[in-house]
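Summary of structural features
Listed below, chain by chain, are the residues.
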Amino acid sequence: MTLVRTGAERLANDPALAGGTRLGLVTNPTGVLPDLTPTAEALLAAGAPVTALFGPEHGLHGTAQADGGEADGVDERTGLPVHNTYKLAGEELDAAVAAAGVDTLVFDIADVGSRFYTYVWTMYDLLASASRLGLRFVVLDRPNPLGGTVAEGPLLDPAYASFVGRHPIPVRHALTAGELAGRFGFDADLTVVEMTGWRRDTPWEETGLPWVMPSVNMPTPDTALVYPGTCLFEGTNFSEGRGTTRPFELIGAPYVDGRFAPALDALGLPGVRFRDVRFTPTFHKHAGTPVRGVQLHVHDREAFRPVLTGVSMLHVARTLYPDDLRLLPGLDHLWGSGELTRRLEAGEDPRELCPPPGTPSGPLLYG
């Protein structure tokens, strides 16, 4: 088994890698060493001058649901002040960072490899603040759980930039946080504490690292694998499985019938099969209402194309249930343009928007 040493582990062994005399650590429950010691505690034990903590969406402790953060306060385990960054940007974020009195921001949060997952955009916004405030910025790099060899889906149209995509990268971007930070183009004093032992084709299971839920609806690596495609259902009146134990693997709606699963299986999509299911979400869309739909069963991770799969599922749903499926404004921000919505509403096949996947381009830290 490959054993990956993350940037956090390397920094805990050599705090001088960060530089700075007052470090603000941007982290959440994924910020841990392989033995599950929180990065903040490991750095303090190593003598690193961490003086403040910053939490992203879902919060420093991961208690908030989607579109929520945790209030400012004091972390009881370290005694450090905690600053919420969620929904702060521009001058408001600058003010919060400046008030913390740090000279270096250190980012240690696990990403899941999809453009619309918000942690890399927290990094983006804080990089912008660091540039404006003249602070150092250090990324403690971690593996992309989808690997680093396959990129899929369109680039973001800047006209559709939002907190689920601020920079033109593909839906499945195949990059690490450290690689993304270098591409965002900010005039900041940026350092990436690189991993060792990670190759772009390293499966998550071979990293030797524990899977810590990045957020409350990302319970397993299987969730992360399907997420680049099935998260598109957030932009519809389908349930994307929130309120179940298999979010993003369970997709359904009250109006779905027994035609959905067979129609999807008939497409012969690579690496995945669909099982007819019924479930009742406990919260979010259709809470307390029985729905019918499918569970995705990925049987070949290398062949599976999550973005093509998600778009194909939307196409079948639109074809079978044209009077019931509702496309919400958020779909355009998730897709990164209005083209997917336009084709679905016109009854056109949107799968042409999903050409064969490519490879990440540009300079790479892990070639």
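Residues numbered from 1 in each chain as written. Predicted model: local features only at pLDDT ≥ 70, side-chain atom pairs only at ≥ 80, totals over all residues. Heavy atoms only, no water.

1. Details of the pattern of salt bridges
Using the following cut-off: The salt bridge definition used is simple: a Lys or Arg side-chain nitrogen within 4 Å of an Asp or Glu carboxyl oxygen. Runs of E in the DSSP output that reach at least two residues are strands. Runs of H or I that reach at least four are helices, and both are numbered from the N terminus. The rule is simple: take the accessible area with a 1.4 Å probe, protein chains only, and divide by the maximum for that residue type; under 20% is buried, over 50% is exposed, in between is partly exposed.
Counted according to the given criterion, the structure contains 23 salt bridges. Note that Arg172 is salt-bridged to Glu152, the shortest N-O span being 3.8 Å. Remark: Glu152 occurs in the loop between strand S6 (136-140) and helix H5 (177-183) and Arg172 occurs in the loop between S6 and H5; sequence separation between them is 20 residues. Considered together, Arg172 and Glu152 belong to a single accessibility category, that of buried residues. Shared partners join several salt bridges into a network, and the residues in it are Glu339, Arg342, Arg343, Glu348 and Glu352.

2. Observations concerning helix H4 (residues 119-133)
Using the following cut-off: Given the number of residues in a helix, its expected span is that number minus one, multiplied by 1.5 Å. Residue contacts follow a heavy-atom distance rule, with two residues in contact if any of their heavy atoms lie within 4.5 Å.
A rise of 1.5 Å per residue sets the reference length of H4, with its 15 residues, at 21 Å; its end C-alpha atoms lie 21 Å apart and thus fit the reference within 8%. Burial runs high along H4: twelve of the 15 residues are buried. All of the buried residues in H4 are Tyr119, Val120, Trp121, Thr122, Met123, Tyr124, Asp125, Leu126, Leu127, Ala128, Ser129 and Ala130. Structurally, H4 contributes buried residues whose contacts are with strand S1 (23-27), helix H3 (90-100), strand S5 (104-108), S6, H5 and strand S7 (189-193). Phi turns positive, to about 75°, at Gly134, one or two residues after H4.

3. Thoughts on the layout of surface pockets
Space left empty within the atom packing is revealed by a probe, the size of a water molecule, rolled over the atoms. Which entries qualify depends on this criterion: Cavities and pockets are defined on a 1 Å grid built over the protein atoms alone: a cavity is a set of grid points where a 1.4 Å probe fits but cannot escape, while a pocket is an open set with protein on both sides within 12 Å along at least five of seven lines, and lining residues are those with an atom within 4 Å of any such point. Grid points are joined across faces, edges and corners, and a volume is the space filled by probe spheres set on the points. Residue classes follow a fixed rule: Ala, Val, Leu, Ile, Met, Phe, Trp, Tyr, Cys and Pro count as nonpolar, while Asp, Glu, Lys and Arg count as charged, and any other residue, Gly among them, counts as polar.
Volume-wise, the largest pocket comes out at about 470 Å³. Taken together, 26 residues line the largest pocket, and the ones lying closest to its centre are Glu57, Ala66, Val164, Glu234 and Arg242. Top contributing element to the lining of the largest pocket by residue count: helix H9 (residues 330-335), with three residues. Looking at side-chain class alone, the lining of the largest pocket contains twelve nonpolar, eight polar and six charged residues. Its volume calculated, the second largest pocket comes out at about 390 Å³. Forming the walls of the second largest pocket are 20 residues, and the residues nearest its centre are Leu146, Thr149, Arg172, Arg301 and Glu302.

4. Quick word on unusual backbone geometry
Phi angles above zero are rare outside glycine, and Ala174 is one such case at about 65°. Within the element layout of this structure, Ala174 appears in the loop between S6 and H5. Although it is not a glycine, His284 adopts a positive phi angle of roughly 70°. Relative to the helices and strands, His284 resides in the loop between strand S9 (272-279) and strand S10 (291-298). For His284, a relative accessible area of 43% puts it in the partly exposed group.

5. Side note on empty space enclosed by the protein
Applying the stated rule across the entire model yields two cavities of 30 Å³ or more. Taken as a whole, the largest cavity holds about 170 Å³ of empty space. Along its surface, the largest cavity is lined by 16 residues, and Ala110, Arg142, Trp204, Pro210 and Val212 are the ones closest to its centre. Its residues assigned to classes, the lining of the second largest cavity comprises five nonpolar, two polar and three charged.

6. Notes on the side chain of Thr223
By secondary structure assignment, the location of Thr223 is in helix H6 (residues 221-230). The class of Thr223 is buried, set by a relative accessible area of 0%. Those residues within four positions of Thr223 in sequence are excluded, and the remaining contacts are Asn217, Met218, Pro247, Phe248 and Glu249.

7. Examining the environment of His299
The condition that has to hold: Pairs of N or O atoms within 3.5 Å make up the polar contacts considered here, provided that, within protein, one atom can donate a hydrogen while the other can accept it, and that residues adjacent in sequence are counted only when both atoms are side-chain atoms.
In this structure, His299 sits in the loop between S10 and helix H8 (306-320). Between the C-alpha atoms of His299 and Val272, which are 27 residues apart in sequence, the distance is 5.7 Å. Side-chain polar atoms of His299 contact the backbone nitrogen of Val272, separated by 3.4 Å.

8. Observations regarding the sheet that holds S10
The condition is simple: Here, any two strands with at least 2 DSSP bridges between them count as paired. Here an axis means a line fitted to C-alpha atoms, over the contact stretch when the element is a helix, while the angle between two N-to-C directions is reported on a 0 to 180 degree scale.
One open sheet accounts for three strands, arranged S8-S10-S9; its pairing is antiparallel. Every interior strand has two partners, whereas the edge strands, strand S8 (250-253) and S9, have only one. Taken over all neighbouring pairs, the strand axes of this sheet differ in orientation by 25° on average, direction set aside. Here eight bridges tie S9 to S10, and the two strands are oriented antiparallel to one another. The partner of Arg273 across the bridge, within S10, is His297.

9. Quick notes on the packing of H3 against H4
The line we're drawing: When describing relative orientation, an angle under 35 degrees is termed roughly parallel and one over 145 degrees roughly antiparallel, while 65 to 115 degrees is termed roughly perpendicular and anything else oblique.
It is the contact of H3 with H4, at a shortest axis distance of 9 Å, that shows an interaxial angle of 70°. Here H3 lies roughly perpendicular to H4, going by the angle between them. Facing H3, whose interface residues are Gly90, Leu93, Asp94, Val97 and Ala98, H4 presents Asp125, Leu126, Ser129, Arg132 and Leu133. Split into classes, the residues belonging to the contact of H3 with H4 amount to five nonpolar, two polar and three charged.

10. A short note on the packing of aromatic side chains
To keep it simple, the criterion reads: Stacked, tilted and edge-to-face are the three classes applied to pairs of Phe, Tyr and Trp rings, where Trp contributes its six-membered ring and a pair requires centres within 6.5 Å; stacked means planes under 30 degrees apart, edge-to-face means over 60, and tilted covers the rest.
Here the structure, examined in full by the defined rule, presents 16 aromatic pairs. Where Phe238 meets Phe260, the ring centres are 5.8 Å apart and the plane angle is 55°; that geometry is what we call tilted. One end of the pair, Phe238, is in the loop between H6 and S8; the other, Phe260, is in helix H7 (residues 260-265), with 22 residues separating them in the sequence. Three or more aromatic residues joined by ring pairs make a cluster, and in this case those are Phe116, Tyr117, Tyr119, Tyr227 and Phe248.

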